[in-house]
Amino acid sequence: MKIDKQTVEQIAHLARLEITGQESEQLITDMNRILSFMDKLNEVDTSGVEPLIYMTDEVNVLREDKTQQAITHEKALQNAPKRDGKFFLVPKVIKK
């Protein structure tokens, strides 16, 4: 598969990116290099290789989840720039 300008523009549109002509050319070069590297990897015989599940044999050591020192609403809202009773007031970010 060869990446061309149309493919890069479609990917940029789907990713909601605005790219310049120079950036487009650089992306074409980079993506083609990635695909050629993947083609090289596809040439390697991996039929006897077990799938890799974890990168290391290390086991995560997790602490027990305990509730500690709860704070009151008043204390939590103490430094809030705007508040309404028990709630933080924040600007509306959803646009129509």
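The structure reproduced in this document is the subject of the present report.

About the cut-offs
Residues numbered from 1 in each chain as written. Predicted model: local features only at pLDDT ≥ 70, side-chain atom pairs only at ≥ 80, totals over all residues. Heavy atoms only, no water. Helix = DSSP H or I, 4+ residues; strand = E, 2+ residues; numbered from the N terminus. Areas by Shrake-Rupley, 256 points an atom, 1.4 Å probe, with all protein chains shown as cover. Lys, Arg positive; Asp, Glu negative; His and termini not counted. Charge placed at Lys NZ, Arg CZ, Asp CG, Glu CD. Axes fitted to C-alpha atoms, helices over the stretch in contact; angles between N-to-C directions. Parallel < 35°, antiparallel > 145°, perpendicular 65-115°, else oblique. Contact = heavy atoms within 4.5 Å. Nonpolar A, V, L, I, M, F, W, Y, C, P; charged D, E, K, R; others polar. Buried < 20%, exposed > 50% of the residue type's maximum accessible area, 1.4 Å probe, protein only.

**Quick word on the overall build of the protein chain**
In terms of regular secondary structure, the protein chain is built from three helices and two strands. Listing each helix as α and each strand as β along the protein chain from the N terminus yields α-α-α-β-β. With the C-alpha coordinates aligned to their principal axes, the bounding extent of the protein chain is approximately 65 × 45 × 20 Å. When the accessible surface of the protein chain is totalled, it reaches about 10200 Å², and 54% of it is carbon and sulfur. Considering the protein chain, the positive charge centre built from 14 side chains and the negative charge centre built from 16 side chains are found 16 Å apart.

**With respect to the packing of helix α1 (residues 5–14) against helix α2 (residues 21–42)**
Contact geometry for α1 and α2: axes closest at 9 Å, N-to-C directions at 100°. Compared by their axis directions, α1 and α2 come out roughly perpendicular. Along its contact with α1, which presents Lys5, Val8 and Ile11, the element α2 presents Ser24, Leu27, Ile28 and Met31. Here the residues of the contact of α1 with α2 are counted per class, giving five nonpolar, one polar and one charged.

**Things to note about unusual backbone geometry**
A positive phi angle is found at arginine 16, which is not glycine, with a value near 55°. The residue arginine 16 is located in the loop between α1 and α2 in this model. Despite not being glycine, glutamine 69 has its phi angle at roughly 25°, a positive value. Counting through the fold element by element, glutamine 69 comes out in the loop between α2 and α3 (73–76). The exposed category is assigned to glutamine 69, whose relative accessible area is 76%.

**What to know about the environment of methionine 31**
In this structure, methionine 31 sits in helix α2. Classification of methionine 31 by relative accessible area gives partly exposed; the value is 21%. Taking C-alpha positions, methionine 31 is 28 Å from valine 49, a pair spaced 18 residues apart along the chain. In contact with methionine 31, not counting residues within four places along its chain, are Ile3, Val8 and Ile11.

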